[in-house]
Each structure stands twice: as C-alpha cells, then as structure tokens.
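Listed below are the residues making up each chain.
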Amino acid sequence: MFYTSTRDKSIKVTASQAIAQGISEEGGLFVPCEMPQFSMDKINSMVKMSYIDRAKTVLKEFLTDFTEDELSYCVEGAYSADKFSSAAIAPTVHIDGNKNILELWHGPTCAFKDMALQLLPYLMTVSAKKTAEGKTIVILVATSGDTGKAALEGFKDVDKTKILVFYPVDGVSPMQKLQMTTQEGENVSVCAINGNFDDAQSAVKSIFTNSEIKNELAKKNMMFSSANSINWGRLVPQIVYYFSTYCDMISMNKINAGDEINVVVPTGNFGNILAGFYAKQMGLPIKMLICASNSNNVLTDFLKTGTYDKNRAFYTTTSPSMDILISSNLERLLYHMSGNNDSLVADLMKQLSENGKYTVSDELIGKIQNTFDAGFTSETDVDETIKNHFDKYNYLCDTHTAVAVKVYDEYAARTGDDIPTVIDSTASPYKFSKSVLSAISGGNTPQLDEFSMVDELNRVTKAEVPAPLASLKEKTVRFNNVCDKENMSEMVFKLLNL
Ligand SMILES: *Cc1c(COP(=O)(O)O)cnc(C)c1O
C-alpha cells in the first residue's frame, strides 16, 4: 500500500514515510492510493474479536510496511486496559428505537482524540526508526482544546520526541486549559496564542513548510511532524471504531450482518467523519454520513450548495472543539470524490488560501451529497437537547455530542430515514461541566470554580466523574506562556532552544 499527495499524485510514499513526515512537501495531504476491501464475511469474523484485534485487522491493510510484531506492539500499547475506562474501549450504547451512541471518550483525556492519539506516538516512533533513523521528531500541534491534551498525554516522555502545543487563549474550556497547563513530562511545552484556532492552525502549517526553520532543525538532528488530523497516522486509527461499532451493533441484535446504518458525526476539522467515509469505501454498510456543525456552519453550507466560504463571522460556542472555519480534511474528500484530480484540489486550496472561498462543480457536489447529509444547531438547541436527553433517557451528553443528536433528530424528521443509526459521542460531559450543568438546570449556572462545578454536575446527574479529570485538582500549573500569532515561529525557536 502506497500513499500519494492530494495536490501532486506523482508523489508515492510508504505508510511510515507519510506518518513520519505528516504533510507532503508541497502542502498537500497524504492519502492511500487504493482502498482495501472488506467482505461481509470478513466483517462478520470481527464480531467476536476484542477491540485490539479489530484494530490489528483493519490497520494491517493500511500499514503494510509494519511487521506483525511492530503492529502488535503499537496497538497493544495504545489500547491497554489501564488507559481506557471501558473494557470495550469504544462502547456502543443503545438509547431508544434506532438511536445508538458510540462513546469515544473513555481514554485518558476523556475526548475522542485519545482513540487516535494514544496510537499515533507508537506509529510515529516505529515509522521514524524506519525512515528517519536517529532524528528527534518535533510534534507541533494547533489545538481547539482536545487534540492538545490528548497529544501531550500520548507523547509525554516518549523517547526521541518533543511536543509543542499552541491553543487559542480564549478558545478552550477551563477544564481543557487546566488539562494542558498542568501537563507533566520532560519533552512537552504549551503556549497560548492571541488568536483563534484557525490562526493557530494556519501558523503551524506555515512553520511546517518554512525551509529556514526546517534547516535550523536539521542542524540539530530534529524534524517536524504533525499530530493534527492532517497526519495520516491520526486518521487511520479512527477507521477502526466504525468497524467496531458495526460489529457491536450485530452483537447487540440491533442489526443483521449486511444491514445498512447511518453515522452522525459532530464535526470540526472533518477527520472523524472522513474516517467513516473510508470505512464505507472499504465495504462497511454505511448509508449516509451526517455532518453535524454548531453555529460555525461552513460545512453545512458547503455540503448543501457546493460553495465553501470561510469569509463569515466566527462564533465562540459551548462546543469549542468544533469552532473551526477551515476544515483541513475536506481536502482529502475532494481528492477522492473528484476521481483523484490533484490539479483541481491544488487549485481549490489555492483559492481558499487567497480568497477564503471556492465553488465545486454541480457534478462533484452532487456526488458528495449522495453520501453526505448535513445540518447545524443553535446554542439554545444544544442546551435543550442535553436537557431533553437527560430527562427522557437519563443519558448525559456533552455539548459536542448534543450537536450531533439534534442534527440527527432533524435529519430523521426531514427525510423519514429511520434505519439504525450510530451517533458519535466525542467528549465526556465533565470536560464541559459548566455548559452541561447550565443546560440541565435550564440556564441557571451557579458561580463555582471548575472543580466545584464538576462536583455539582455529579450531584445533580449521578453520572460518574472520569478519574483523569478528578485528579487534576492536585496538579500544579506549569505553563503560562502567551504569544501573538505573528510570533509563533520565534516561540518555536525559544521552546526548542534553537
Ligand atoms: C476534535 C473534536 C471534534 C471534531 O472532530 P474532527 O475530526 O475535527 O471533525 C468534535 N468533538 C470533540 C469533543 C472534539 O474533541
């Protein structure tokens, strides 16, 4: 299996090259050159497997330059029982009728990013050994909150790696901020920036491709890589849980092997939903992929009209991990759906960076609409959904999950499509205690500090508080750096002692 770039398909690299490098030289994203195919028999044979074995079965088709031993070492290290609070790793919970929730937040940082970022450091260090012998890998991360913490936790004290995380100073929840600023580990740094997530992500992307900085790093025997979902090593682990939830739906007698399901994904950078698309391309019977957004509804507009336009107001919402106007992974979808048209993708991405917008042909958007539906929610809808679901089913969702639940309810009402559906739940409600508590109590939030808020939410709902969040109370803040977005490259020099 080889990988190419969305902006230049003459490029051909192995999985370990794609993972160690993170992003292609000319700025494109690595994509697989072909799609492994899973028959229904093969999928059925995965029903009895553990999550770890399901992961090995899927990943070995993509990581063909990893030996069986290397792959086992990576997967068993990542999804070990002491790191995840559920033996199923990613359990599927039946809510009502055809509605099911895939809980992706039982990892060490209580957000779905752990599903990929527990595995990525293993994939990256094995890849670096194969392709960049001796070099220290410097992971640069732009985060809207959850990626930063999950990446810090995944890479802390991993030999021959360093990690630098940038987050928008006012764009993350108090719990997310505490999780990052108290991070332990000798090889980690965290810095707030005066700007939003898109500013942080754009600056990180330009640092990656800045040859002056790369040369300085090379002198010190270091190289950059990325832990954002532009890295193939972040995406490929996410394909696994779509197969896994399908198998669980069979075991739970919610479907028969071969039945179609819908999948609903609270979306920001388009990584999670794209992994669902790859699973579908591989033969998993997914009918519609439903893309759920908050008030930052740039993707809803694109999927409905074919015009992507980021020139619009940016809203800070109660689902901050989805406060994004540039969804990087859409580039990969455009590549696959346009019949691998690299020059079209390069041109669209140029328009996006120069004018902030582009429009695709009717034919292309029509093709995308056969698989993707979309919707968005207001902040009031999110609060009502959290409250209704708790009152009706005694099920507590976080704000991101509530966006997806609401968009699904509207989709089902609009289309009458009532086949069994899996809604991705991407964070523990305790990561966003204040917003969730306020929703449950009809808008009255007591003025409490973050930890008292957690206790209060626990008192009101009786939902279990994840241990990693409870233990934050005892930790000290280690990182207070703040810089302007224009000065991020100087900060990188400083933090790396270049
Ligand atoms: C990152 C994140 C998302 C968005 O996922 P993408 O893969 O970027 O689309 C949604 N919810 C939560 C809680 C997240 O952390």
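These lines cover the structure that appears in this document, whether it is placed above or below. Small disclaimer: the values here were computed from a predicted structure and weren't measured.

The rules we used
Residues numbered from 1 in each chain as written. Predicted model: local features only at pLDDT ≥ 70, side-chain atom pairs only at ≥ 80, totals over all residues. Heavy atoms only, no water. Helix = DSSP H or I, 4+ residues; strand = E, 2+ residues; numbered from the N terminus. Rg over C-alpha atoms; globule rule 2.2 N^0.38 Å. Buried < 20%, exposed > 50% of the residue type's maximum accessible area, 1.4 Å probe, protein only. Contact = heavy atoms within 4.5 Å. Areas by Shrake-Rupley, 256 points an atom, 1.4 Å probe, with all protein chains shown as cover. Lys, Arg positive; Asp, Glu negative; His and termini not counted. Charge placed at Lys NZ, Arg CZ, Asp CG, Glu CD. Salt bridge = Lys/Arg side-chain N within 4 Å of Asp/Glu carboxyl O. Expected span 1.5 Å × (residues − 1). Polar contact = N/O pair within 3.5 Å; in protein donor to acceptor, adjacent residues only side chain to side chain. Near = heavy atom within 4 Å. 1 Å grid on protein atoms, 1.4 Å probe; cavity = no way out; pocket = protein on both sides within 12 Å on 5 of 7 lines; lining within 4 Å. Sits in = over half its atoms within 2 Å of the grid points. Pairing = 2+ DSSP bridges. Axes fitted to C-alpha atoms, helices over the stretch in contact; angles between N-to-C directions. Points joined across faces, edges and corners; volume = space filled by probe spheres on them. Nonpolar A, V, L, I, M, F, W, Y, C, P; charged D, E, K, R; others polar. Core = buried A, V, L, I, M, F, W, Y, C linked by side-chain atoms within 4.5 Å.

1. Quick look at the overall build of the protein
A count of helical and extended segments in the protein gives 22 helices and 16 strands. For the protein, the C-alpha radius of gyration of 21 Å lies close to 23 Å, the compact-globule estimate for 498 residues. By its C-alpha atoms, the protein is 60 × 50 × 45 Å across when sized along the principal axes. Residues classed as buried in the protein amount to 61% of the 498 residues present. Residue pairs in contact within the protein that sit at least 24 positions apart in sequence constitute 75% of those at least 6 positions apart. When the accessible surface of the protein is summed, it comes to about 18300 Å², and 46% of that surface belongs to carbon and sulfur atoms. Once the 47 positive and 61 negative side-chain charges of the protein are each reduced to a mean point, those two points are 2 Å apart.

2. Some details on the pattern of salt bridges
Applying the stated criterion to the full structure yields 21 salt bridges. Between aspartate 301 and arginine 312 there is a salt bridge, and its shortest N-O distance comes to 2.9 Å. Of the two residues, aspartate 301 is situated in helix α13 (residues 298-305) and arginine 312 in the loop between β12 (307-309) and α14 (330-337); the sequence distance between them amounts to eleven residues. Judged by its relative accessible area of 28%, aspartate 301 is partly exposed. In this structure, aspartate 391 engages lysine 387 in a salt bridge whose closest nitrogen and oxygen atoms are separated by 3.1 Å. Of this pair, aspartate 391 and lysine 387 both sit in helix α17 (residues 379-393), four residues apart, which is roughly one turn of the helix.

3. Here's the deal with helix α11 (residues 232-251)
Its 20 residues give α11 an end-to-end C-alpha distance of 30 Å, which sits within 8% of 28 Å, the value for a rise of 1.5 Å per residue. Counting buried residues along α11, 19 of its 20 residues qualify, which places the element largely inside the surrounding structure. For α11, the N-terminal cap is asparagine 231; the gap from its side-chain oxygen to the backbone nitrogen of glycine 233 is 2.7 Å. Downstream of α11 by one or two residues, asparagine 253 has phi in the positive range, about 60°.

4. What about the site of the ligand?
Within the structure, the ligand sits among 15 residues, and Lys113, Asp146, Gly268, Asn269 and Thr426 are positioned closest to it. The contact in question runs from an oxygen atom of the ligand to an N or O atom on the side chain of lysine 113, over 2.6 Å. Within the side chain of threonine 426, one N or O atom sits 2.8 Å away from a nitrogen atom of the ligand. Protein burial of the ligand: of its 390 Å² of free accessible surface, 98% is covered by the chains. The cavity that encloses the ligand is the largest cavity.

5. Brief notes about the sheet that holds strand β2 (residues 8-13)
Reading across the sheet, the three strands line up as β2-β1-β3 and stay open at both edges, with antiparallel pairing between neighbours. Edge strands, defined here as strands with exactly one partner in the open sheet, are β2 and β3 (30-32). Between one strand and the next, the sheet's axes are offset by a mean angle of 40°, whatever the strand orientation. In this sheet, β3 lies alongside strand β1 (residues 3-5) in antiparallel orientation, the contact comprising three bridges. Residue pairing for β3: threonine 4 is matched across the bridge by valine 31.

6. A word on empty space enclosed by the protein
Using the criterion set out here, one finds two cavities of 30 Å³ or more in the structure. Each pocket or cavity is described by its volume, and for the largest cavity that value is around 280 Å³. What lines the largest cavity is a set of 26 residues, and nearest its centre among them are Phe112, Lys113, Gly268, Asn269 and Ser321. Counting residues per element, the ones that place at least two in the lining of the largest cavity are α7 (146-155), α11, β10 (261-266) and α12 (271-281). Looking at the lining of the largest cavity residue by residue, the classes come out as nine nonpolar, 14 polar and three charged. Roughly 40 Å³ of volume is contained in the second largest cavity. In this structure, the second largest cavity is lined by Ala142, Gln201, Val204, Lys205, Phe208, Ser226, Asn228 and Ile230. Per-element accounting of the lining of the second largest cavity gives the leading share, four residues, to helix α9 (residues 197-208). Partitioning the lining of the second largest cavity into residue classes produces four nonpolar, three polar and one charged.

7. A few points about the sheet that holds strand β6 (residues 136-142)
Taking strand neighbours across the sheet as the criterion, the five strands line up as β9-β6-β7-β8-β16 in an open arrangement whose pairing is parallel. The open sheet terminates on both sides in strands that have one partner only, identified here as β9 (222-226) and β16 (482-484). Between one strand axis and the next, the sheet turns through 30° on average, direction left out of account. As judged from the six bridges shared by strand β7 (residues 161-168) and strand β8 (residues 188-194), these two strands associate in the parallel manner. Bridging from a neighbouring strand, isoleucine 163 pairs with valine 188 of β8. Sheet contacts for α9: β6, β7, β8 and β9; angle to β6, the most-contacted strand, approximately 155°. Lying on the sheet, helix α10 (residues 211-219) is in contact with β6 and β9; it crosses β9 at an angle near 125°.

8. Brief notes about the nonpolar core
Ranked by internal contacts, the top residues of the largest apolar core, which has 113 residues, are Ile239 and Leu334. For leucine 334, the contacting residues outside a window of four places in its chain are Phe302, Val345, Leu348, Met349, Tyr358, Val360, Leu364 and Ile368. Judged by nonpolar contacts, the second largest core, of 36 residues, contains Ile290, Ala292, Phe390 and Tyr430.

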